[in-house]
Amino acid sequence: MQPVSSRWWKELASGVVIPYRYGLIFDGVGGSQIAGPLFVTDGYVTMDQTNIIRRTCSRVKMTDPTGTLTPSDPSQPLFPDGTELQIMHGLLYPDLTTEVKSLGVFLIEETDSDAGVSPGSTEIWISGSDHGARIARAKFTQPYATDGISTLDVAIKALIESVLPGMFTYNFIPTTVVPAIATFNVGDDPWASACKLAADSGGYELFPDGFGTLVLRPIVDPLTLPVINPPVGGYVEGPGCQVTELRHTLANGSVPNWVIVISQGSGIAVPLRGDWQDTDPRSYTYIGTLTAGPGSPPVPGSAPYPLTVQKIDTALATTQGAVNAVANAIGLAGKGSFDGVVMWAVGNAALEPNDVLTLTRQSAGVVGPRAYVFDSWVFQLGIAQMTKGTARRVS
């Protein structure tokens, strides 16, 4: 979650929330501001950490107050030839001060203009995607290969720089993981390739943050993440609760309690195997008592959840520690999805994917409080200004 002031939660819990939203237009990645602020009155922003393209905006509505912004040729600021839109969303306080958060920086991919009969009435709808989409468009034009000696952070930055040099800022956690040589062909997607390299080499995730900076970090156990407990209001039933609707689903269709990762290939002398097993007795998908320690089958009948195995093959993890990390990341990314919720709540622009919130909704079977980690958020930018979150249980 993005940092907020002490006033933020109190205002959300007040029952009278006035949203404050606007867009800023830039002439490219890290470029100069060429228009804005333009007030936003409708549309959606989606953040989903289960998608390669994490942030998208759709039908974001703004009004051209002067008639000079409506795109007709490349000289106009909103002409979609590489310009970017940063969407700011937050609160207007009773004293008329504001507090806003960045929902993302988006490559403008489509504009629709609707002109009324009076000057200044032109409405413009914008759709776009984050920097991952910009990189994905720049397909490899020559064969490319990682060197097999650089650490993961260095290898991924070099891959991105090979297609779009000097364009982005990076916030990469240094790592000792060294991925095996990976080769890519003309026409391959460099963003998908970089995300796969991050995940399959050592259990890392790669994404642009709300300001467009590219982030590389390990996937961690949600149990180790801080639980967001607002000082007032929040998402637990009671006075000031911000939840307007909650759907609770229990489904075991494809939730593994044993993940096996096999890494083998020309850059790996001996095939490596990593195992993740749900050994948490509190978990609905608990695997049960193991017959001979980690990586061994469970004692039959020692847990009610059916044994569900997922096998993954890779050729990128070069050490036992790396292949173990990949298995752990895959297991942790799915853990808790047996118990899922979809929540609609008062719009909160500070929320981010991977946030852990405490919820209760007795009538939906969420008896608690229970902690859930949110994989995705959809922010409504219209009159409703609700936030929709999809989450899985942590504890």
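Predicted model only: the values in this text are computed from it and were never measured.

About the thresholds
- Residues numbered from 1 in each chain as written.
- Predicted model: local features only at pLDDT ≥ 70, side-chain atom pairs only at ≥ 80, totals over all residues.
- Heavy atoms only, no water.
- Salt bridge = Lys/Arg side-chain N within 4 Å of Asp/Glu carboxyl O.
- Helix = DSSP H or I, 4+ residues; strand = E, 2+ residues; numbered from the N terminus.
- Buried < 20%, exposed > 50% of the residue type's maximum accessible area, 1.4 Å probe, protein only.
- Contact = heavy atoms within 4.5 Å.
- Expected span 1.5 Å × (residues − 1).
- Phe/Tyr/Trp six-rings, centres within 6.5 Å; stacked < 30°, edge-to-face > 60°.
- Lys NZ or Arg CZ within 6 Å of the ring centre and 35° of its normal.

Q: Where do I start with the pattern of salt bridges in this structure?
A: Pairing between side chains of opposite charge can happen when the charged atoms of each approach one another. Enumeration over the complete set of coordinates arrives at 17 salt bridges. The salt bridge partner of Arg54 is Glu205, with a shortest N-O separation of 3.1 Å. Residue Arg54 is located in the loop between strand 2 (33-48) and strand 3 (55-64), and its partner Glu205 is located in strand 10 (residues 204-208); the two are separated by 151 residues in the primary sequence. Considered together, Arg54 and Glu205 belong to a single accessibility category, that of buried residues. Here Asp112 makes a salt bridge to Arg59, at a shortest N to O gap of 2.9 Å. Here Asp112, found in strand 5 (residues 98-114), pairs with Arg59, found in strand 3; they are 53 residues apart in sequence, far enough to count as distant. Through salt bridges that share partners, Arg54, Glu205 and Arg217 make up one connected network.

Q: What should I look at first to understand the environment of Ala325 in this one?
A: In this fold, Ala325 is placed in helix 5 (residues 320-334). Separated by 245 residues in sequence, Ala325 and Pro80 have C-alpha atoms that sit 41 Å apart. Not counting residues within four places of it along the chain, the set of residues in contact with Ala325 comprises Gly202 and Gly203.

Q: What is the right way to look at helix 4 (residues 190-202) in this model?
A: An α-helix turns once every 3.6 residues. As a result, residues three or four positions apart point the same way. Its 13 residues place the ends of helix 4 18 Å apart at the C-alpha level, agreeing with the 18 Å of an ideal helix rising 1.5 Å per residue. The buried fraction of helix 4 is high, at 10 of 13 residues. The set of residues buried in helix 4 consists of Pro190, Trp191, Ser193, Ala194, Cys195, Leu197, Ala198, Asp200, Ser201 and Gly202. Downstream of helix 4 by a residue or two, Gly203 has a phi angle that is positive, lying close to 75°.

Q: Where do I start with the environment of Leu38 in this structure?
A: Here Leu38 shows up in strand 2. On the accessibility criterion, Leu38 (8% relative accessible area) is buried. Here the alpha-carbon distance between Leu38 and Ile87, two residues 49 residues apart in the chain, equals 9.6 Å. Other than its neighbours up to four places away in sequence, Leu38 contacts Arg21, Tyr22, Gly23, Ile25, Met62, Thr63, Pro65 and Leu69.

Q: What should I look at first to understand the packing of aromatic side chains in this one?
A: Ring pairs (aromatic) are described by centroid distance and by the angle formed between their planes. All chains considered together, the criterion is met by nine aromatic pairs. With 5.9 Å between their ring centres and 75° between their planes, Tyr20 and Phe39 make a pair best called edge-to-face. Of this pair, Tyr20 sits in strand 1 (residues 19-26) while Phe39 sits in strand 2, placing them 19 residues apart in sequence. A network of ring pairs unites the aromatic residues Tyr20, Tyr22 and Phe39 as a single cluster. The cationic tip of Arg7 hangs over the ring face of Tyr93; the distance from NZ or CZ to the ring centre is 4.0 Å. The ring of Trp8 has Lys101 sitting right over it, with the charged end atom 5.5 Å from the ring centre.

Q: Sorry if this is basic, but what is going on with the environment of Val373 here?
A: Secondary-structure assignment places Val373 in strand 19 (residues 366-380). On the basis of relative accessibility, which here comes to 0%, the residue Val373 falls in the buried class. It is 23 Å that separates the C-alpha atoms of Val373 and Val100, two residues lying 273 residues apart in sequence. If we ignore the near neighbours within four places in the chain, the residues touching Val373 are Pro222, Asn354, Asp355, Val356, Thr390, Ala391, Arg392 and Val394.

Note that all results are geometric; they support no functional claim without further evidence.
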